[in-house]
Each structure stands twice: as C-alpha cells, then as structure tokens.
Amino acid sequence: HYSGLEEAVYRNIQACKELAQTTRTAYGPNGMNKMVINHLEKLFVTNEAATILRELEVQHPAAKMLVMASHMQEQEVGDGTNFVLVFAGVLLELAEDLLRMGLSVSEASYIVIEGYEKACKKALEILLDLVCCSVKNLRDVEEVASLLHTSVMSRQYGNESFLSKLIAQACVSILPDSGHFNVDNIRVCKIVGAGISASSVLHGMVFKKETEGDVTSVKDAKIAVYSCPFDGMITETKGTVLIKNAEELMNFSKGEENLMDLQVKAIADSGANVVVTGGKVADMALHYANKYNLMLVRLNSKWDLRRLCKTVGATALPRLTPPTLEEMGHCDSVYLSEVGDTQVVVFKHEKEDGAISTILIRGSTDNLMDDIERAVDDGVNTFKVLTRDKRLVPGGGATEIELAKQITSYGETCPGLDQYAIKKFAEAFEAIPRALAENSGVKANEVISKLYAVHQEGNKTVGFDIEAEAAAVKDMLEAGILDTYLGKSWGIKLATNAAVTVLRVDQIIMAKPAGGPKPPSGKKDWDEDQND
C-alpha cells in the first residue's frame, strides 16, 4: 500500500504515460493516423502530435505539463512535437521503475531528477559530436528539397519528393538577403479537386474570391488598396434634407453621383488600374469602376489585406483618396482564374524575388488537404530552422542509439545512486527506434540489437531502414535521412524539463468549493410587498 503522496506521484506518471502512448503509435512515416473530433465536432484525421494535442482537451494537470512542452517545441522549432511527447513519456515510465525500488518517494525522486539533469547535460554535449554535415547553400532548390525530405516524409509518406520540391521552391524564392526568413510569408491555398500531383507554387498571392466588376485581367498592375468600403462618404451625424419638388430630388441624387464619379475618376487618373477594398462595394461605385476600367477585388479579411500590401508593396488607405505613387503597389499581373470549379484571383510576380509565395494544394478531400497543409508547415518550419542553424544529425533512430550507447558508458563512470537514473535516461532513447520499428510492423528488439551491434563498431550514422521488409539497418547519411540539430537539442531539453517537473510534484491541490451541505436557499421574492 502506498501513502497518499506516493499515490499522487504514481497517478501523475500514469496520466503522462497514457498521453504519450496515444501519440507513440503515430510516430514516424508509418505511424497510424488518429481521428480526432474536437469540442466543435470538427473532424481531424492526422498523425501529427501538435494537432492531436491542440484539439484534445487534456484535463489532468500533470499531463498538461507534457502538452505545454510539446507546444513549446512547436513554437521554437515547428517540428518534433511527437519526439518530445514520446521521450518524456518513456522517461517517466522508467522513473516509475526506479521509484518502486524501495527508497522513499521523495528521496528516490531527488535521485532520479539529479540523474536525469546530469544525463541531459551530457546528451547535449554528445549531440554536438554527432553532427554529420551542414547545409552548404540555402539557395539551391535541389539541396534544400533533399533536406526537407525527412520532415515531410513523416506526414506524407510516398509524396515526400514532390512536396519537398514544392516547399523548397517556395522558400528559396522568398529568402531575403539578410537571411531572416518569416514562416508567415509562405501562404497555402487549398482547392478541392484533381490530385496531390496537380499542386503548384505561385510567386505572389492567391485568393479564393471573384472579382467584383467586369475587368478580370490586368497586366503590369498598379494597385490601390483601401481598408474602407468602396462607397460614398456617409456623415457621422444624421442630417435631414427637405425636398420640395421633383427637380430638387433629381439634383440631390445627381450631386451624389457626380461626387462618386469624381472620386473614382481621381483614382483612375492617379494611374491605378486595380482597386482592392476591405469593405463592401456599393453598386454606384461599381458602375463607375467599370466605366473607368478599374479591376475591383474585395477582401473581407484584414489579415489578407495586410499580406497583400506586403506582397505588392502598397499602403492601405483609410479613405477613398487617390493614391500617390509611393502608396500604390505593383505586380506583373492580376487575373481571375478557374482552378477546378473554384474561382480564384491571382496576384502574380514573374520574378522570383517577391515577398510572399503561395503553395496551391489540390486534393480529393478537405481532410487530405489539411494533412498536406500540415506537412507543408513542417517543411517550411524546418527551412526556417536551417536558416538559424545549418547543422544536421542522422535520423532514423541513429542519433538516439548513439546517445543511448554513450550515456550508458557515462553512467558506468558515475559513483553515486544517480547512475541508475542516468542509465534509465539512456534506455529512454531506445523508445524512438522502437516506435519506428513497431509502427513499421518489425520486431523492435531485433532492430535495437542490430543497431547497437553496428554502433559498437563505430558506425555512428547507421539507423533503422524503414523501407526494408525485415529488421534491417542502413547508413542514414547516405540515404539522406537527416534531422536538424536544433530540433533534436530542443526536443531533448524540453522533454527532460517536462519529465523532471512532473517528478517534482507530490500533490495536486485544486481550488474548488469545499463539500458539505448546501446553504439554505431562503424564500424567493422575500422583499416584495405581500399586498400587491
């Protein structure tokens, strides 16, 4: 029988283990998909841990620690969220074995925490030696595409070559000279129909909209952007106009028409031939836009408006005033096109040095396109990580097995009780190749013993061969299966921090109303007069 405190620690560990087990079967290219239905009854079919956790409402406070570590990895690196969850879950599972060895829970927790922190520090030192290569040229599409393979493969196994080429083209085309890459500058537009192989990259922006007026195509576009409705000005205060006869009524409406005519003519005279507005378009304004051959596009989202301004170099004007040359945006062509049966407006740059690129995704269902979009996000985030740190480590479980081997040797040299925790930390790394093997339908123990045997001979870059039918290994550096150094180091740090934080907790105290009898409700309406 455990005391109350011990019971709380084991309950915390159990909750975290269950959460990690959920995503463990989704790890790697052969990971199973999860069907998640969120509180709004929206359906998600994915094997990406970040999406699964975002849509799950995790209630247990200890399990929330793991979710927060996973979110932190998503914000910092943009990929590797499943690694954090699986690794932290296994660290806690192995810590439980140590806690059951006979020492008091508080004493054992202290030893485990100290051992884990030492081992984490050592793992990050060893990881530096495991860097096998670096990116030579981030502007070479072929090289970048080969480096994005691993990230995209774990989401879209079979389509990784095609998708990583698209992502590489989009990223390289907008990489600024300063090297500061912004993930938000790669937009995704999803249109149902055709197949994934019909997806393409456009330099510029694509909106699922129709044009408002008669003009549907403009070459060498000069763009005026307005954040206000394309309509006549309305006074702030209400005014009353007294009209005595028909002539006055005609003159009144004519004055309004003339005013609108002058406003639209002034915009056309400034040289603008495309007008983008963030509000409604009045019928009269539309009539004059057609008269002066202005192409009219309406965007309801202020974010889309801002991104468009960034793409074409325009300034959003708050009132219908003629734009100056500095305030106008420019792009090579603006045209209405039809993709499948969906009308889209394309703002296109011919040159490949624009500020924003759009990846046009085609697919048979919305769920499939959502999953492809998540694969694109992971690829784009991997590119951003490579602009920050060009170092790469071997994937496919090669790095993890080498870390496990070296940290076990380090544990042998430690004199105190924390050596047991250090060895368990090393053992936890085996969970990654184990998950890859299990999800591929191969005997995991056989794979891990083969990997250890090869690594003992000094082959640090050998990992699990996911495409072989039996338990086989191959050189990950030659196969081009590489992980980012930054992603791996952050993953190890965050998973260890999450596991240690959970182990430090021995009680969960929740602020809730105390039990006991409910207070008397009293008579309703006691203050009303009885004589009414």
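All chains use their own residue numbering, which begins from 1 and follows the written sequence. The predicted origin of the model limits local features to residues at a pLDDT of at least 70 and limits the giving and counting of side-chain atom pairs to 80 or more, whereas totals for whole chains, interfaces and linings rest on all residues. Hydrogens are left out, water is left out, and the side-chain values use all remaining heavy atoms of the structure.

## Some thoughts on the domain arrangement of the protein chain
Argument step 1. Just so you know, the domain bounds were taken from an automatic or database domain assignment. What the domain assignment reports for the protein chain is domain 1 (4–133 + 393–504) and domain 2 (201–348).
Argument step 2. Using only C-alpha atoms to locate each centre, domain 1 and domain 2 end up separated by 54 Å.

## A short note on a nonpolar patch on the surface
Argument step 1. Judged by side-chain polarity, V241, I243, L249 and F252 come together as a nonpolar surface patch covering roughly 360 Å² of accessible area.
Argument step 2. Looking at the element boundaries, I243 is found in the loop between strand 6 (217–226) and helix 8 (246–269). Residues qualify for a patch when their relative accessible area is over 30% and they have no salt bridge, like charges being joined within 9 Å and the nonpolar side chains of Val, Leu, Ile, Met, Phe, Trp and Tyr within 5 Å. All accessible-area figures derive from a Shrake-Rupley calculation using a 1.4 Å probe, and residue coverage is judged against the displayed protein chains alone. In what follows, salt bridge is the name for a side-chain nitrogen of Lys or Arg lying within 4 Å of a carboxyl oxygen of Asp or Glu. Secondary structure counts use DSSP, requiring at least four H or I residues in a row for a helix and at least two E residues in a row for a strand, with both numbered from the N terminus.

## Details of the nonpolar core
Taken as a class, soluble globular proteins show a tendency for nonpolar side chains to be buried jointly.
Argument step 1. Put simply, a nonpolar core is a bunch of buried Ala, Val, Leu, Ile, Met, Phe, Trp, Tyr and Cys residues held in one set by side-chain atoms that sit within 4.5 Å of each other. The rule is simple: take the accessible area with a 1.4 Å probe, protein chains only, and divide by the maximum for that residue type; under 20% is buried, over 50% is exposed, in between is partly exposed. In this structure, Y116, I407, F425 and I492 are the most contacted members of the largest nonpolar core, which totals 74 residues.
Argument step 2. Top element by residues in this core is helix 4 (residues 81–99). It accounts for 13 residues.
Argument step 3. Contacts are residue-level and defined by heavy atoms, with any inter-residue pair within 4.5 Å sufficient. Not counting chain neighbours up to four residues away, the residues in contact with I492 comprise F83, F87, C120, A123, L124, L127, L403, F425 and F429.
Argument step 4. Judged by nonpolar contacts, the second largest core, of 31 residues, contains L138, A170, I359 and L392.

## Some details on the sheet that holds strand 16 (residues 482–484)
Argument step 1. At least two DSSP bridges between two strands are required for those strands to pair. Strands sit in the order 3-13-16 across an open sheet of 3 strands; the sheet is antiparallel. Taken across any chain shown, the strands that pair with only one partner, and hence form the sheet edges, are strand 3 (133–134) and strand 16.
Argument step 2. Where strand 3 meets strand 13 (residues 391–394), 2 bridges bridge the pair, whose relative direction is antiparallel. Paired with S134 across the bridge in strand 13 is R391.
Argument step 3. This element, helix 17 (residues 485–504), spans strand 13 and strand 16 of the sheet and lies at about 65° to strand 16. Between N-to-C directions, angles cover 0 to 180 degrees, with each direction set by a line fitted to C-alpha atoms, over the stretch in contact for helices.

## Considerations on unusual backbone geometry
Glycine aside, a negative phi is what most residues show, and trans is what most peptide bonds show.
Argument step 1. Despite not being glycine, D220 has its phi angle at roughly 50°, a positive value.
Argument step 2. For D220, the location among the structural elements is in strand 6.
Argument step 3. Unlike most non-glycine residues, N293 shows phi in positive territory, near 55°.
Argument step 4. Tracing the sequence through the fold places N293 in the loop between helix 9 (283–291) and strand 8 (295–298).

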